[in-house]
Amino acid sequence: MSKEQELRRSKQLALALLAAAATLFVITSLLPRGFWVDGLRAISEAAMVGALADWFAVVALFRKVPIPFISRHTAIIPNNKHRIADNLAGFVDEKFLKPESLAAVILKTDPSTHVAEWLQQPANRSYLAAHLLRLLPEILATIDDARIQQLLRDALNTAIGKLDLSRSLGTLLAGLTRDGRHQELLDDGMVALIGLVNRPATRELIATQIAAWLKREHATMELMLPTEWISESGASMIAKALQNLMEDIAADREHKLRIKFDGVVQRFLLRLESDPAFAAKGEDFKRYLRDGDTFNHYISGLWGSVRDWIKADIARGDSRLNDGVMQAAGWLSEELLRHPAMRASLNQHLAGMARTLAPAFSSFFTRHISDTVKAWDNQDLSRQIELNIGKDLQFIRVNGTLVGGMIGLLLYIVAQIMQWAGSYLHP
């Protein structure tokens, strides 16, 4: 049954009780007076009073009742629409959107555990993947819109134009070299180099180059010398020398090559920040990114290939993207369930985000509620409220009729008792 039907039925019930009370009143008014007739008449009178009073109270909430002196206090909801809107928004803000309240709800409900358990079910992972993939065509269509693409290009060009590439790179590298971090990179590089020169393939390459050099530069001597032995020994000597040098540098934090490396890095950082030549190269690179036809055509073609692949993959029954989303969701579920500390940390971060974002969100949401209610037509507002709570309000009319009848009966009995008592005391 729809809300319209429920409201209509409850109104018909209230009206039927009022009609029954009115009918009883008319009948008892026409009958000869007597104890039972007068009692029924008193009940019907009080029931009609109760029914009509509550009818007025309910109707006055939604509509203007043209009764002198009191009509201005009717149509309460339409006449107070703006105040209702502000109070409703304030109530939602105070009871539901306070930062600490939202944070407490997040910590209490433990959303990370619920998400992890939900993602454990293959059907749920499939549901998530299907919905995410369903959004992709809309996202692609949005990006392919010429106006959106122009907006993105303008935003990117503006960002590139404001970027001081030379200084930004200098700042980045300064952060990477702070506290001797570049020396750690040097150590890692030397370890990698030692491993490289000790590979048989590397030594064979060095030996081959030595043999080729002997043939090219000393062709006559190469015929008399043991070229293979010299090249293999030379390769071993070079590898050993490089390994010894790298080990010496690694063991000595004050090695002269380390100090020289520090100097090269610092001079390079200084040039990045102050050398006009570096700044000019940075500007040339920015112009290439903004205006270079080759680069822009390459990016456009690359995006077209990625977009076409995504569209084709989504249309396939065995979509790799779908499988990837399901696998990622399964991995996330397992990781979260395996590490309680991670779930607790995630919940804490979510609570922290709620505390940070709640004021702005609350302001937007409550303003939206208030503005939406204020924008409603008065009749529409009254109708919506009546549809949702009108059924219960009609039962106020029903109860008013029944309670009025019972009060009428009670008053009639009291009046009869007092009359009998007066007759007894004053015969």
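Here, every reference points to the structure presented above.
Residues numbered from 1 in each chain as written. Predicted model: local features only at pLDDT ≥ 70, side-chain atom pairs only at ≥ 80, totals over all residues. Heavy atoms only, no water.

Student: Describe the packing of helix α6 (residues 111-120) against helix α18 (residues 340-375), and please don't skip the residues or the numbers.
Tutor: Between α6 and α18, the least distance of the axes is 8 Å, while the angle of their chain directions is 120°. In terms of their interaxial angle, α6 and α18 are classed as oblique. Within the contact between the two elements, α6 uses P111, S112 and T113 and α18 uses R343, L346, N347 and L350. (Axes fitted to C-alpha atoms, helices over the stretch in contact; angles between N-to-C directions. Helix = DSSP H or I, 4+ residues; strand = E, 2+ residues; numbered from the N terminus. Parallel < 35°, antiparallel > 145°, perpendicular 65-115°, else oblique. Contact = heavy atoms within 4.5 Å.)

Student: Describe a nonpolar patch on the surface, listing the residues and the values that go with them.
Tutor: Together, F35, W36, L409, I413, I417 and W420 make up an exposed nonpolar region whose accessible area comes to about 680 Å². Mapped by element, the contributors of at least two residues to the nonpolar patch are α2 (35-62) and α19 (378-425). In terms of residue count, the dominant contributor to the nonpolar patch is α19 (four residues). (Patch = residues over 30% accessible without salt bridge, like charges linked within 9 Å, V, L, I, M, F, W, Y side chains within 5 Å. Areas by Shrake-Rupley, 256 points an atom, 1.4 Å probe, with all protein chains shown as cover. Salt bridge = Lys/Arg side-chain N within 4 Å of Asp/Glu carboxyl O.)

Student: If you had to explain the packing of aromatic side chains to someone new, which residues and values would you point to?
Tutor: Overall, the coordinates contain six aromatic pairs when judged by the stated rule. Judged by centre distance (5.7 Å) and plane angle (45°), the rings of F35 and Y412 are tilted. Highlighted residues: F35 in helix α2 and Y412 in helix α19, separated in sequence by 377 residues. Residue classification places F35 among the partly exposed positions, given a relative accessible area of 38%. One aromatic cluster is present, formed by F35, W36, Y412 and W420 through successive ring pairs. (Phe/Tyr/Trp six-rings, centres within 6.5 Å; stacked < 30°, edge-to-face > 60°. Buried < 20%, exposed > 50% of the residue type's maximum accessible area, 1.4 Å probe, protein only.)

Student: How would you explain the pattern of salt bridges if you had to name every residue and give the values?
Tutor: Within this structure, the stated rule accounts for twelve salt bridges. Its salt-bridge partner being R355, residue E100 comes within 3.3 Å of it at the nearest N-O pair. Residue E100 is located in helix α5 (residues 99-109), and its partner R355 is located in helix α18; the two are separated by 255 residues in the primary sequence. Between D313 and R316 there is a salt bridge, with its nearest N and O atoms 3.9 Å apart. Its relative accessible area of 37% is what places R316 among the partly exposed residues. In the salt-bridge network here, residues are joined through shared partners; they are E4, K11, R63, R383 and E386.

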